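Spelled out from the first residue to the last, the chains are:
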Amino acid sequence: AARRAIEEILDTGRFARGRVVAVADGAGVRMVVHVAQRRLIQSMRLALHGAPIDRDELLREADLAEGGEVLGIDMASYRARMERYLARRGFPTAAATIESRETDDPARVLMIIDVAPGGARIVQRRSFYVVDPDGTASPSTRALTPVLDGYRVAVGDRADEEALDAADAAMNLRLRALGYQRASLSHDLV
């Protein structure tokens, strides 16, 4: 009976999720159906306050899109995904607020997203450590200094994890091209 009740409600297309709770009621049981209303995003307004972040990437990370489905009970998870994305892109104190507003159509909402990026994490110093396969410091650090100076993320740049990953990959290719076949460069933010 509970399964049929949920299926019947979800088949209307007006609700995205549902669950049934059985509650003792005298000599019997009362079924209570909890549902989350399905809403479609009619349009979105997004304020980034000048942060150099790609709007589409941020919305994709949060799993939000015009015409897409949104659930009020998931607002905290949308916000958390945005803030994690912003932290990876060099804004560790970013805060996002998300509101939904009713439209003329009860099945559609207007999403208002405001991102306060906070201060960017900036690379203040770079240090490269060349280590031999046995874990000891290598004397070849000086020989590699001109090559490592070409690392794509410089002092003063935003500590963007995606940019750092790309810089690591590019430097690894360059090192291999120079004959360091077993070289592996990675970064760590301290």
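1. Concerning the pairing of strand S2 (residues 28-37)
It is a general feature of regular strands that their side chains alternate between the two faces of the sheet. Where strand S1 (residues 15-25) and S2 come together, 10 bridges link them in antiparallel fashion. Within S2, the position partnered with Ala24 by the bridge is Val29.

2. A few points about the sheet that holds strand S5 (residues 95-102)
Pairing within the open sheet is mixed, and its 4 strands lie in the order S4-S3-S6-S5. Edge positions in the sheet fall to strand S4 (69-70) and S5, since each has one partner strand and no second. Bridging between strand S3 (residues 39-47) and S4 involves 2 bridges; their strand directions are antiparallel. Across the sheet, Arg39 pairs through a bridge with Val70, a residue of S4. Contacting S4, S5 and strand S6 (108-116), helix H3 (residues 75-88) crosses the sheet at an angle of about 145° to S5.

3. Description of the packing of aromatic side chains
Using the criterion set out here, one finds 1 aromatic pair in the structure. Both rings, one in Phe128 and one in Tyr151, keep their centres 5.6 Å apart while their planes meet at 75°; by these two values the pair is edge-to-face. Of this pair, Phe128 sits in the loop between S6 and helix H4 (141-148) while Tyr151 sits in the loop between H4 and helix H5 (161-177), placing them 23 residues apart in sequence. Using a relative accessible area of 25% as the deciding quantity, one classes Phe128 as partly exposed.

4. Overview of the packing of helix H2 (residues 55-62) against H3
H3 packs onto H2 with a crossing angle of 130° between their chain directions and a minimal axis gap of 8 Å. Between H2 and H3, the angle falls in the class oblique. Judged by the twist between their axes, the crossing of H2 over H3 is right-handed. Where H2 abuts H3, its residues Glu57, Leu58, Leu59, Glu61 and Ala62 lie against Tyr78, Arg81, Met82, Tyr85, Leu86 and Arg88. Residue composition of the contact of H2 with H3, by class: 7 nonpolar, no polar and 4 charged.

5. Considerations on the pattern of salt bridges
Scanning the model with the defined rule gives 10 salt bridges in all. Notably, a salt bridge pairs Arg30 with Asp25, separated by 3.7 Å at the nearest N-O pair. Of the residues examined, Arg30 reaches a relative accessible area of 42% and is grouped as partly exposed. The partner of Asp56 in a salt bridge is Arg55, with the nearest N and O atoms 3.8 Å apart. In this structure Asp56 comes out as partly exposed when scored by relative accessible area, which is 45%. Shared partners join several salt bridges into a network, and the residues in it are Glu57, Arg89, Arg158, Asp160 and Glu162.

6. Brief notes about H5
The terminal C-alpha atoms of H5 lie 24 Å apart, and with 17 residues this matches the ideal 24 Å at 1.5 Å per residue to within 8%. Those residues of H5 that fall on the buried side of the exposure criterion are Leu164, Ala167, Asp168, Met171, Asn172 and Leu175. On an axial view of H5, the arc spanned by its buried residues comes to 140°, and they lie on one face. Turned more than 90 degrees from where H5 packs its buried face, Leu173 and Ala177 sit exposed. A positive phi of about 100° marks Gly179, the residue just after H5.

7. Some remarks on unusual backbone geometry
One non-glycine residue, His49, lies in positive phi territory at about 50°. The backbone of Asp63 sits at a positive phi, close to 65°, despite the residue not being glycine. Tracing the backbone through its elements, the reader meets Asp63 in the loop between H2 and S4. Here Asp63 falls in the exposed class, since its relative accessible area comes to 55%.

Calculation criteria
Positions within a chain are numbered from 1, following the residues in the order the chain's sequence is written. Given that this is a predicted model, residues contribute local features only at a pLDDT of at least 70 and side-chain atom pairs are listed and counted only at 80 or more, while totals for whole chains, interfaces and linings are drawn from all residues. Processing note: side-chain calculations cover all non-hydrogen atoms of the structure and skip hydrogens and water entirely. Between any two strands, at least two bridges found by DSSP are needed for them to pair. Where helices and strands are cited, they refer to DSSP runs of H or I of at least four residues and of E of at least two residues respectively, numbered from the N terminus. Any two residues whose heavy atoms approach within 4.5 Å are treated as being in contact. Axes, fitted as lines to C-alpha atoms, cover a helix only where it is in contact. Angles between the N-to-C directions of the axes lie from 0 to 180 degrees. Only centres within 6.5 Å qualify two rings of Phe, Tyr or Trp (six-membered ring in Trp) as a pair; their planes then separate them into stacked at under 30 degrees, edge-to-face at over 60, and tilted for everything else. Each residue is assigned to one of three classes by its accessible area relative to the maximum for its type, calculated with a 1.4 Å probe on protein chains only: buried under 20%, partly exposed between the two thresholds, exposed over 50%. Convention used here: angles under 35 degrees read as roughly parallel, angles over 145 as roughly antiparallel, angles from 65 to 115 as roughly perpendicular, and any remaining angle as oblique. Crossings are sorted by hand: turned counterclockwise from the far helix by less than a right angle, the near helix makes the crossing left-handed, and turned clockwise it makes it right-handed. Each residue gets one of three labels, nonpolar for Ala, Val, Leu, Ile, Met, Phe, Trp, Tyr, Cys and Pro, charged for Asp, Glu, Lys and Arg, and polar for the others, Gly among them. The salt bridge definition used is simple: a Lys or Arg side-chain nitrogen within 4 Å of an Asp or Glu carboxyl oxygen. A helix is expected to span 1.5 Å multiplied by its residue count minus one. Taken from the helix axis, the directions to the C-beta atoms give the arc we talk about.

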